[in-house]
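# Fold and contact review
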Amino acid sequence: MDFSSKKAVQRQLAGEGLRPKKGLGQNFLTDESVLFDIVSAAELTKDSCVLEIGPGMGVLTRELAKKAGSVVAVELDTTILPVLEKNLSEFNNVTIINQDILKVDLDKLFDDHFGDRSVKVIANLPYYITTPIIMKLLEHHRITSIVVMIQREVARRLSAKAGSKDFGAITLAVDYRAVAEPVRDVPPEAFMPAPKVWSSVIRLSLREEPPVTVLNEKHFFDLVKGAFSQRRKTFVNSVGSYGALETNKEAVKAILEKLNIPETIRGEALDIEAYAKISNEMVKMQKQSG
Ligand code: SAM
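Since we're looking at a predicted model, the values are computed, not measured. (Residues numbered from 1 in each chain as written. Predicted model: local features only at pLDDT ≥ 70, side-chain atom pairs only at ≥ 80, totals over all residues. Heavy atoms only, no water.)

## Overview of the pattern of salt bridges
In total, this model carries 19 salt bridges according to the counting rule given. Linking R62 and E90 is a salt bridge whose minimum nitrogen-to-oxygen distance equals 3.0 Å. Of this pair, R62 sits in helix α3 (residues 59-67) while E90 sits in the loop between α4 (81-87) and β4 (94-97), and the two are 28 residues apart along the sequence. Through salt bridges with shared partners, one network takes in E43, E181 and R203. (Salt bridge = Lys/Arg side-chain N within 4 Å of Asp/Glu carboxyl O. Helix = DSSP H or I, 4+ residues; strand = E, 2+ residues; numbered from the N terminus.)

Set out below in structure tokens:
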């Protein structure tokens, strides 16, 4: 049976009197080659435990259920559940949970469904909440990899190199927890309805240890946020006036000088090692003066 063509999507929605909900980011995937590339990037085996976010009508869920041991799919839209349940009725290794992924207690969900096993996350994400979902997932040590379809522009930011225009706070936040690799770009026509922008599939392999040693993680992340809080300004000006860091321009200048970094540098020109060094120096200085 055909589940993933544009006609199939339209027919199934119409059968339940539904229309794609823009507000929930419902762009259904209708290109089989993309489905297969997502599944192959996730490197599933019959032992894999998978969390899928936003299964929609289940095109991707079906492929995951064929390859993985156990799949939990979290879908917010109650009205789509009859179609989803029908499309998954032949599989006994899928559990559907009708909740908002941002409100789900992932520790509990993983304990309840996967015991103490590691988890892979796979999703064609709803684009209106891409960043909060990714940030939530990166906090979880049970997750070993994340393969997601997101807006191409966001994907470029996640895997950007220091010095490029796409490099920003989210690049550093992701780099601290994971290695980001692009899988493929996807044109708007691969979805029903077509989104306004191109998409990309990206794989995040979670690190066992961060790539740098930081004395105070909260300070490190505040420094990253501060450095990009006013993009047009220099690092010294943005960081020196960022409230959460409780510092000033003179103190920031002194630290850059000590580390042989030019005081005119901008936040996007510094890599994760430089951020770690600056943060550690600031923490040490604050301890000495406090
Ligand atoms: N997986 C399907 C596919 O590839 O065709 C649908 C993907 S669609 C881009 C995103 C899905 O996420 C929709 O089914 C939408 O209802 C669901 N969704 C939106 N917000 C959500 C949330 N906060 N929690 C869980 N699912 C959500």
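## Overview of the site of the ligand
Around the ligand, 23 residues are found, and the nearest of them are L29, G54, E75, N124 and Y128. Backbone polar atom of P55 to a nitrogen atom of the ligand: 3.3 Å apart, as the coordinates give it. Side-chain polar atom of N124 to an oxygen atom of the ligand: 2.8 Å apart, as the coordinates give it. Here the ligand has 600 Å² of accessible area as a free molecule, and 99% of this is covered by the chains. Grouping the amino acids of the shell around the ligand by side-chain chemistry returns 12 nonpolar, seven polar and four charged. (Near = heavy atom within 4 Å. Polar contact = N/O pair within 3.5 Å; in protein donor to acceptor, adjacent residues only side chain to side chain. Areas by Shrake-Rupley, 256 points an atom, 1.4 Å probe, with all protein chains shown as cover. Nonpolar A, V, L, I, M, F, W, Y, C, P; charged D, E, K, R; others polar.)

## Focus on the side chain of E63
Relative to the helices and strands, E63 is located in helix α3. Discounting chain neighbours no more than four positions away, the residues touching E63 are L35, F36 and V39. (Contact = heavy atoms within 4.5 Å.)

## A look at unusual backbone geometry
The residue after M192, namely P193, is reached through a cis peptide bond having omega -10°. Backbone geometry places E43, a non-glycine residue, at a positive phi of 45°. Along the chain, E43 falls in the loop between α2 (32-41) and β2 (49-53). Given the relative accessible area of 55%, E43 is considered exposed. Backbone geometry places N260, a non-glycine residue, at a positive phi of 60°. Inspection of the secondary structure assignment puts N260 in the loop between α11 (249-258) and α12 (272-289). (Buried < 20%, exposed > 50% of the residue type's maximum accessible area, 1.4 Å probe, protein only.)

## Describing the pairing of strand β9 (residues 199-206)
By the criterion of burial, β9 is predominantly enclosed, with seven of the eight residues buried. Where strand β6 (residues 143-151) lies against β9, seven bridges are found, and the strand directions are antiparallel. Each bridged residue has a counterpart across the sheet, and for Q151 the counterpart in β9 is S199. Pairing of strand β7 (residues 178-186) with β9 involves eight bridges; the strand directions are antiparallel. Counted as the bridge partner of E181 is R203 from β9. (Pairing = 2+ DSSP bridges.)

## Points about the sheet that holds β7
Spatially, seven strands are ordered β4-β3-β2-β5-β6-β9-β7 in an open sheet, and the strand pairing comes out mixed. Single-partner strands in this sheet number two, and they are β4 and β7. The average undirected angle you get between the axes of adjacent strands in this sheet is 15°. Those strands touched by α2 are β5 (119-124), β6, β7 and β9, and its axis lies near 165° from that of β7. (Axes fitted to C-alpha atoms, helices over the stretch in contact; angles between N-to-C directions.)

## A few points about the domain arrangement of the protein
Under the domain assignment, the protein is made up of domain 1 (6-206) and domain 2 (217-289). The C-alpha centroid of domain 2 is placed 35 Å from the C-alpha centroid of domain 1. Facing 12 residues of domain 1, the contacting portion of domain 2 comprises 13 residues. Between domain 1 and domain 2 the total buried area reaches about 960 Å² when both faces are included, carbon and sulfur atoms providing 70% of it. (Domains from an automatic or database assignment. Buried area = accessible area lost by both parts, 1.4 Å probe.)

## Description of the packing of aromatic side chains
Inspection of every chain in the model, using the stated rule, returns seven aromatic pairs. With a centroid separation of 5.3 Å and 85° between ring planes, the pair formed by Y176 and F221 is classed as edge-to-face. Here the residue Y176 occupies a position in helix α8 (residues 169-177), and F221 occupies one in helix α9 (residues 217-227), the gap between them amounting to 45 residues. For the pair F220 and F221, a centre-to-centre distance of 5.2 Å together with 75° between the ring planes defines the contact as edge-to-face. A relative accessible area of 0% means that F220 is categorised as buried. Note on F221: relative accessible area 18%, which makes it buried. The rings of F167, F228, F235 and Y275 are connected pair by pair, giving a single aromatic cluster. (Phe/Tyr/Trp six-rings, centres within 6.5 Å; stacked < 30°, edge-to-face > 60°.)

## Describing the packing of helix α6 (residues 130-138) against α8
The interhelical angle for the contact between α6 and α8, taken along N-to-C directions, is 25°, at an axis separation of 10 Å. Classed by the angle they form, the pair α6 and α8 counts as roughly parallel. In this structure, α6 meets α8 at a crossing whose hand is left-handed. For the pair α6 and α8, the contacting residues are T131, M135 and L138 in the first and I170, A173, V174 and R177 in the second. (Parallel < 35°, antiparallel > 145°, perpendicular 65-115°, else oblique. Left-handed = near helix turned anticlockwise from the far one by under 90°.)

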